[in-house]
Amino acid sequence: MDKKKNLFSPIKAWKYAFKKPVSFSMEDIIDRPRESENNARGFHINDHTKCIGCGACSEICPTEAIVMVKRADLEPKDGEHPERPTIDYGRCCFCALCVDICTTGSMKMSKAYVFNTTNPDTLYKMPEEIFAASGGTITGYEKTPESDLLDLVRAEMPSEASEKAKESFIELLKGYSMAQAKAEAARCIGCEICVKTCPANMHIPEYIDAVGQGDMAEGLALLYKTNPLPGVCGSICTHKCETVCAIGQRGEPIAIRWLKRYIVDNAPESMYEEVLMAPVSAPGKGRVAVVGGGAAGMSASYYLRTMGYAVDLYEAKPLMGGVARYGVPQYRMPEERLNKDVDLLKKIGVGFHVNTKVGKDITLDALHEQYDAVFLASGLPQSRSLKLENGDHPDVLYAMPFLAAARDYLRGQGEMPDVAAKVIVIGGGNVAFDVARTILRFQQEKYGHNQVSLVSLETKDILPADKEEIEEGEAEGLRYFCGFGPQGIELSEGKIAGLHTVKCLSVFDENRSFCPVFDKDQKDLIEGSQVYVAIGQMNDHAYFTPEHLDKAVLKGGKVQTDSWGQVQGMPWLFAGGDIVHGPDMIHGIADGHQAARGIDLYLQSLSQTS
Amino acid sequence: MSEVKLFFGPQHPGMHGNASVHLYVEGDLVKKARLVPGMLHRGFEKSMENHTWMGNLALIPRVCVAEPDINEMVFAQGLETIAEVEIPERAHYIRMVIMEMTRILAHMMSLGALASPTGLYTANQWMQADRNNIQDLFEAITGHRIYHMYIVPGGVRKELPQGIETRILDFFTEFERRMPEYHALIFENPTIQARLKDNIMLPEFVVWELGVTGIGMRSAVGKPYDVRKVTPYARYDKVDFEVPVATYSDAYTRSVMKYYEIKESIRIIRQAFDMMPQGKVNVKIAPGNALKWTLPKGQTYSAVESARGEFGYYIVSDGKTQPYRIAVRGASFPQGFLGVERYMPGVRLDDAPLWYDTMGICTPEIDR
């Protein structure tokens, strides 16, 4: 190494004595701090209107500096926690992992970095307070797609190609493999916003975690804590949980429904026995009749049975299952998965009484005499009718009878419904799509091609049906006439020739109540020789005698109950499901569970007073 | 003459980091030296087991304050090996730029630290001023000046900001122009030479006995043992650079070698920018979000060449969201722990800080 020595070399440094110093003066550091670079990680900024209080920032914070604090000034809303992050700047290390994991993108960092205080307590702040105190206004570190720590894309679900799908009734979605399920489970941040929104308050993050760890027994036990029909729910739940999922803020929500189905499909039979028989106790506390073998009825039966009641379940049709059996087509709700859930009820000792219509084969009063309490969940078996010109033509058909006949045919218990080559379906909900896509499959079988026109008041972007239904229907060849109002049916030689429609300008008024506005000048004739009406379902209150109706309160056709499901005026009668809350599978299951607890409380209090 | 016990550090201005050496001195001759670690009390290795793979990103840079990026690099590299992930080509080159800029920072810190024991405070002022400029560049790239948290498992955290290449190259062109001034100020300085030359020797047998790597080893045995050359990581096999060696390891040689390494680092940065392809800068090392990243079961030793020698992590994963065990091979552990006790005795009291500096010691690497 060179060792040149020169006494004068260091003295050259003196030339810098006459140049501008590179350092800042003391005053400037406080009063005019140097502006940070654009990417700087300074004090946090959090947009409270965007933030949903999911707590992912608090979860990942390596120094535990972020605490979620309940904010009284925030109104409780669906899809968010009334909590917001506060940051202890005594602990914060400004690593910005909170920014990178933020589900909504509301958390950012500013360029501000100077904050003077003599009181250490002032370091614990809502992010924007300290930012405001530091006088900063400019955003610094923000997340970019590559720095995002969330996985915004769903693990792909293997599904039947639409070309093949429309030719058969086999289930479209094939279910996750273990690797896919684990990958999907790893996307969840465990914020529990879904738990709050789910009517049954299912333990969603916990069972997703169980899937991630491959613990099927734990997953199954968690499912049955709040939902005795996970197989049905795993296929056709309305998944409000996925609608509010925090990951869905910027990406695709967690496939909660499919993960539930993964547990149900993959838990071995022996595990089922072990996990599910555990909470069941011997009957001895009382006798309860449950009316209606649908979701709510089955749910109530299960929980009443586990609590130690003898339960008899009455169903008007030959098979249990309700809408899952007689409504939803088989490509969405396969027979086997439903049977699995129904068989379980039988196994734990629920007495099945099929082909027994309450009000016809047995009266409600008779049930009252025989049992200590009655749970009423008869559902909405009747189709809502539509007043149209020539609407009484025999080729104007309704959704519910048709779907039931279709399921019966596929079960080998009836004739194939007679579908025409050109069909019009009126309605824009999931039921309308069920009807349309079932007809499409029958047409394919019968004629080798299909032509189904779906007419709805709502335009395609506001259709009440699920997004998947709309996309899959389109792929299968469904013709959409969205945003049209049916006016009348055109007859030709006694047969239906088509449906007259006019353009629908808006469906709802300012108060969000149903009030369609039409443009009578924009007319159209949609071709077809059969019209199926799927614009909603109604209940059938034939079992209520005039004395019952004097006591019970019905509002808009819905039975009024208290929060435990108890019908006002008739303490022995509990009600739940579609007849109370309108059509929704998971709401029915939650109602069944709640009513079971209500019946238990009611009967316990009776036995204590007597 | 009676023996006096003196505390060298942790507050001593010549001390590097939060450690203390108890010196037993007779006259001005150190008779006995005892390292007293434990001032850092972070417990890095244990703490890493309690953080998620990504959460560790905020902790690991603190294992060496002066040169934080080596920690991010070995950690990221190790995780990529366990997860069997191939990172984008562009990320390799960005990593090299970051690594070399940090090496320059660390060398300048170390040369600046010659200031207080030798009284040449100008050196420290100059070094800090230029370090500040490099830290500005780091702030623009990563968002922070000291703990960058930029090299992440799977690549680098973000794309380089617009126009940073020009800023970096312009700075280093200017810096290279001024480097002779540094040489004149420090290495041609008779006082510095008087203090450093033929002083604080590191003979070859000590290198083999303790396991010293890096500049300490290369200056003593004349062999270019450098992890970048012997087991190239990132894309060091694609760039052209020299590893300075010597066979006479006094304090002067070890210091002036840092000066030459800075020159080589600048060469590497230029080449890295020339060869850097466009494209993605990172990939995910595991499915899902960072809270739930799990790595397959496995273990690996991942090493890089730090400014002080071979720096490595031994990482064990048991398939969970957190590491099962991480052990740090601090580059300064051999000379900073055993070396202090065995070979610091014999130096004069005023050379003790120089011994600590020129041996290349970063205390948190020992006290981890």
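Residues numbered from 1 in each chain as written. Chains lettered and ligands numbered in written order. Predicted model: local features only at pLDDT ≥ 70, side-chain atom pairs only at ≥ 80, totals over all residues. Heavy atoms only, no water.

## Observations regarding the overall build of chain A
- The number of helices and strands found in chain A is 23 helices and 22 strands.
- For chain A, the C-alpha atoms occupy an extent of roughly 115 × 70 × 50 Å along the three principal directions.
- For chain A, the proportion of its 610 residues judged to be buried stands at 53%.
- Summed over its atoms, the accessible surface of chain A is roughly 27300 Å², and 53% of this surface lies on carbon and sulfur atoms.
- Between the mean site of the 65 positive side-chain charges and the mean site of the 83 negative ones, chain A shows a separation of 6 Å. (Helix = DSSP H or I, 4+ residues; strand = E, 2+ residues; numbered from the N terminus. Buried < 20%, exposed > 50% of the residue type's maximum accessible area, 1.4 Å probe, protein only. Areas by Shrake-Rupley, 256 points an atom, 1.4 Å probe, with all protein chains shown as cover. Lys, Arg positive; Asp, Glu negative; His and termini not counted. Charge placed at Lys NZ, Arg CZ, Asp CG, Glu CD.)

## Here's the deal with the pairing of strand β16 (residues 495–508) of chain A
All names here are of chain A.
- Sheet analysis places strand β15 (residues 484–492) next to β16, joined by eight bridges and oriented antiparallel. Following the sheet pairing, Gly485 is matched in β16 by Val502.
- Count of turn residues in the β15/β16 antiparallel hairpin: two residues, of which Glu493 carries a positive phi of about 55°.
- Direction of pairing for β16 relative to strand β17 (residues 514–527): antiparallel, over a ladder of nine bridges. Of the residues in β17, the one forming a bridge with Thr501 is Asp524.
- Connecting β16 to the antiparallel partner β17 that follows it, the hairpin turn spans five residues, and Arg512 within it adopts a positive phi of roughly 60°. (Pairing = 2+ DSSP bridges.)

## Comments concerning unusual backbone geometry
All names here are of chain A.
- For Phe94, which is not a glycine, the phi torsion comes out positive at approximately 55°.
- Relative to the elements of secondary structure, Phe94 occurs in the loop between β3 (83–88) and α3 (97–101).
- Despite not being glycine, Asn201 has its phi angle at roughly 45°, a positive value.

## Overview of the sheet that holds strand β12 (residues 423–426) of chain A
All names here are of chain A.
- With respect to topology, five strands assemble into an open sheet ordered β11-β18-β12-β13-β14, the strand pairing being parallel. The sheet is open, and its two borders are formed by β11 (396–398) and β14 (479–482), each paired with just one other strand. Taken pair by pair, the neighbouring strands of this sheet meet at an average axis angle of 25°, ignoring direction.
- Where β12 meets strand β18 (residues 530–533), four bridges bridge the pair, whose relative direction is parallel. (Axes fitted to C-alpha atoms, helices over the stretch in contact; angles between N-to-C directions.)

## Some points on the nonpolar core
- Ranked by size, the top nonpolar core spans 234 residues in total, and within it B:Tyr313 and B:Tyr356 carry the most contacts.
- At eleven residues, the largest contribution of residues to this core is made by helix α3 (residues 89–112) of chain B.
- B:Tyr356 has contacts with B:Phe8, B:Met15, B:His16, B:Ala19, B:Val21, B:Leu35, B:Val340, B:Met344, B:Ile361 and B:Thr363, leaving out every residue within four places of it along the chain.
- Counting 29 residues, the second largest nonpolar core, distinct from the first, contains A:Ala406, A:Val419, A:Ala432 and A:Ile439. (Core = buried A, V, L, I, M, F, W, Y, C linked by side-chain atoms within 4.5 Å. Contact = heavy atoms within 4.5 Å.)

## Describing the environment of A:Lys503
Residues and elements named next belong to chain A.
- You can see Lys503 is positioned in strand β16.
- Here the alpha-carbon distance between Lys503 and Cys482, two residues 21 residues apart in the chain, equals 9.1 Å.
- Filtering out sequence-adjacent residues up to four positions away, Lys503 remains in contact with Cys482, Gly483, Phe484, Val517, Phe518, Asp519 and Gln522.

## So, the sheet that holds strand β22 (residues 573–575) of chain A
Residue and element names in this part refer to chain A.
- Taken in spatial order, the five strands of this open sheet run β8-β7-β6-β9-β22, and their pairing is parallel. Whereas interior strands pair on both sides, the edge strands pair on one side only; in this sheet they are β8 (351–353) and β22. The average angle at which neighbouring strand axes cross in this sheet is 20°, direction not considered.
- In this structure, strand β7 (residues 310–314) lies alongside β8, joined through three bridges in parallel fashion. Within the sheet, the bridge partner assigned to Asp312 lies in β8 and is Gly351.
- Packing of helix α23 (residues 585–609) onto the sheet brings it into contact with β6 (287–291), β9 (373–376) and β22, and relative to β9 it is tilted by some 165°.

## Here we look at the interface of chain B and chain A
- Taken together, the contacts link 53 residues of chain B with 46 residues of chain A.
- Interface area for chain B against chain A, summed over the two sides, is near 4000 Å², with a carbon-plus-sulfur share of 54%.
- Among the residues of chain B in contact with chain A, B:Arg157, B:Lys158 and B:Leu291 are the three that bury the most area, contributing 17% of the side total.
- B:Arg167 is the partner of A:Glu37 in a salt bridge, and the nearest nitrogen-oxygen pair spans 2.9 Å.
- Run the count over chain B and chain A and you get 31 residue pairs in polar contact (both at pLDDT 80 or more).
- Counting only elements with at least two residues in the side of chain B that touches chain A, the list comes to α5 (121–142), α6 (164–187), α7 (190–196) and α11 (251–275) of chain B.
- Residues that form the side of chain B that touches chain A fall into these classes: 25 nonpolar, 13 polar and 15 charged. (Buried area = accessible area lost by both parts, 1.4 Å probe. Salt bridge = Lys/Arg side-chain N within 4 Å of Asp/Glu carboxyl O. Polar contact = N/O pair within 3.5 Å; in protein donor to acceptor, adjacent residues only side chain to side chain. Nonpolar A, V, L, I, M, F, W, Y, C, P; charged D, E, K, R; others polar.)

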